[in-house]
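Understanding the architecture of this molecule
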Amino acid sequence: MAVELFLDLNSQPCRSVYIFAKKNNIPFEFKKVSLMDGEHFGDEFGKINLIRKVPALRDRDFCLAESVAIMLYLADKFKTPDPWYPADIRQRARVNEYLSWQHAAIRLHGSKMFWLRLMIPKMGVDVPKDKMDAALEDLNASLKLIEDKFLGDRAFIAGDRMSLADLVAIVEIMQPVGSGLDVFEGRPKLGAWRDRVRAAVGEELFDEAHRTIMESQEWVKAMDGSTLQAFKPRILRMFM
Amino acid sequence: MELYLDLVSPPCRSVYLFAKALGIPFEFKLVELLAGQQYTEEFGKLNIVRKIPVMKDGSFVLTESTAILMYLVQKCSASVADHWFPADLQQRARVNEYLSWQHLNLRAHCSKVFLLKTLYPFVMGSEAPKEKMDVALEEMKESLNLKISLADLVALVEIMQPLGNGVDGFEGRPKLMAWRDRVKKELGEKLFDQTHERLLDAKGLQQKMQNNSQLQKIKPMLQKFFH
């Protein structure tokens, strides 16, 4: 029985898991969980992940949450090529360092930008300019650290080869891009790295994984804002 | 090996506790947060992110406590018992799952309580909003039910944080208390208490912060964090 991956490709950590599994030809069953439709609040999904977040993995009776944990599990179980999570102690440390830092930094800031630009206005709430400016400042600070500290003069975060760190980084950076904010503009170094990552992943797979988020401006426009009302209190508390 | 630490910080405590409990030799380099030492030019050269803990092993500089912990496990694998970071696929996955989840959950909420109660009044000049702290407190969660691993260590130091100003997350939670006692016993009670001495010395912390102009450098960060 193949591994089941519970995913919604609008979610950044779902994209990294999806790309990782596909790129490494890991057999899995794609189980769609539509976040916008609140499917993560259903009874069935609650049995798989108590925390009610995606991505989630089910391998027979073993359930696992958290994209980083899931990818490390898959990497170990399916013996993926070394560069993804290098055995070398220093290279591995560089990957771990990025995977740790990114949670409270680019992940947070990129997510926030997506919500402030697209989703919160759709909920009928105005985003004050000072909040938007502060969010942009935070995002820019994270992007600068990615360029200056984590990439430096290297081709990829851990060195010459693409690793989990680059994959996790790119999916988060693409989130604000999906909302119409081109973060690569004026950042040639970041753009060059993105091109290398896209080539390493495979352009077709990369684009396929990002299709829905890149179309988000359209589908948000078309969606019925009332479906979002259930999330409103939580979202406003988190981001406003 | 050098470890740049301030035991007021939870991720510094997990690194310190692990290294000490496992007998890994290191030089303790104090970076006093409440005196703003993370803002010196010298420290900025070591770590551009201006956070601790930082590890320097020869010429290799590493930040992020979970990365440092895993580095120590890998480097000292011969003398680190398996349960800290199990080789078993599923058990390791559980530890990784917790270490990933905790950044934006337990760590975020416990830090917030501490910052609101201890730091906020000194830097902002007024008491922090009660409702924000109540919300943060509500969201603290229990840890996994495994033999002690890095997950327990990282969880416990975070839950200890609000105790720095008398907010006892263990009160009324016998299961959590029992877990805390198991972790303490595994590490060594004396070591655990000594590690948390500075955090629990409220008067000492306040004295340090009184009339400390360097502390004002934290103001923009705090304002952003809470507004």
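Residues numbered from 1 in each chain as written. Chains lettered and ligands numbered in written order. Predicted model: local features only at pLDDT ≥ 70, side-chain atom pairs only at ≥ 80, totals over all residues. Heavy atoms only, no water.

What follows concerns empty space enclosed by the protein. Counting across every chain of the model gives one cavity of 30 Å³ or more. Space inside the largest cavity adds up to approximately 130 Å³. For the largest cavity, the lining is made up of 13 residues, of which A:V68, A:L99, B:T66, B:M70 and B:L99 are closest to its centre. Its residues assigned to classes, the lining of the largest cavity shows six nonpolar, seven polar and no charged. (1 Å grid on protein atoms, 1.4 Å probe; cavity = no way out; pocket = protein on both sides within 12 Å on 5 of 7 lines; lining within 4 Å. Points joined across faces, edges and corners; volume = space filled by probe spheres on them. Nonpolar A, V, L, I, M, F, W, Y, C, P; charged D, E, K, R; others polar.)

Using the residue numbers shown here, the UniProt feature "domain: GST N-terminal" (unreviewed entry) corresponds to residues 1-80 of chain B. Helix makes up 36% of residues 1-80 of chain B and strand 20%, whereas the separation of the span's terminal C-alpha atoms amounts to 17 Å. (UniProt positions renumbered as here; feature names shortened; annotations may be inferred. Helix = DSSP H or I, 4+ residues; strand = E, 2+ residues; numbered from the N terminus.)

The next thing to look at is the interface of chain B and chain A. Each partner contributes to the interface: chain B provides 31 residues, whereas chain A provides 34 residues. Taking both partners together, chain B and chain A bury about 2,900 Å²; carbon and sulfur atoms supply 60% of that area. At the surface where chain B touches chain A, the tally comes to zero salt bridges. Inspection of the chain B/chain A interface yields ten residue pairs in polar contact (both at pLDDT 80 or more). Counting residues per element, the ones that place at least two in the side of chain B that touches chain A are β4 (60-63), α3 (65-75) and α4 (89-101) of chain B. Take the side of chain B that touches chain A: its biggest share by element is eight residues, from α4(B). Across the side of chain B that touches chain A, the residue classes break down as 13 nonpolar, ten polar and eight charged. (Contact = heavy atoms within 4.5 Å. Buried area = accessible area lost by both parts, 1.4 Å probe. Salt bridge = Lys/Arg side-chain N within 4 Å of Asp/Glu carboxyl O. Polar contact = N/O pair within 3.5 Å; in protein donor to acceptor, adjacent residues only side chain to side chain.)

One key point about sheets: their strands pair by backbone hydrogen bonds, in either a parallel or an antiparallel sense. All names here are of chain A. Pairing is mixed in the open sheet, where four strands are placed in the order β2-β1-β3-β4. One side of each edge strand has no neighbouring strand; the edge strands of this open sheet are β2 (28-32) and β4 (62-65). Neighbour to neighbour, the strand axes of the sheet diverge by 20° on average, direction disregarded. In this structure, strand β3 (residues 56-59) lies alongside β4, joined through four bridges in antiparallel fashion. When the sheet's bridge partners are listed, A56 is paired in β4 with A65. In the packing of helix α1 (residues 12-23) onto the sheet, the strands contacted are β1 (3-7) and β2, and the crossing angle to β1 comes to about 145°. (Pairing = 2+ DSSP bridges. Axes fitted to C-alpha atoms, helices over the stretch in contact; angles between N-to-C directions.)

This structure, assessed with the given rule, holds 15 aromatic pairs over all chains. On the basis of an interplanar angle of 35° and a centroid distance of 6.0 Å, the ring pair of A:F41 and A:F231 is categorised as tilted. Of this pair, A:F41 sits in the loop between β2 and α2 (43-48) while A:F231 sits in the loop between α10 (216-222) and α11 (232-239), and the two are 190 residues apart along the sequence. Where B:Y16 meets B:F28, the ring centres are 5.8 Å apart and the plane angle is 80°; that geometry is what we call edge-to-face. Residue B:Y16 is found in helix α1 (residues 10-21), and its partner B:F28 is found in strand β2 (residues 27-30); the two are separated by twelve residues along the sequence. A residue is classified by how much of its surface remains accessible, and B:F28, at 35% relative accessible area, is partly exposed. (Phe/Tyr/Trp six-rings, centres within 6.5 Å; stacked < 30°, edge-to-face > 60°. Buried < 20%, exposed > 50% of the residue type's maximum accessible area, 1.4 Å probe, protein only.)

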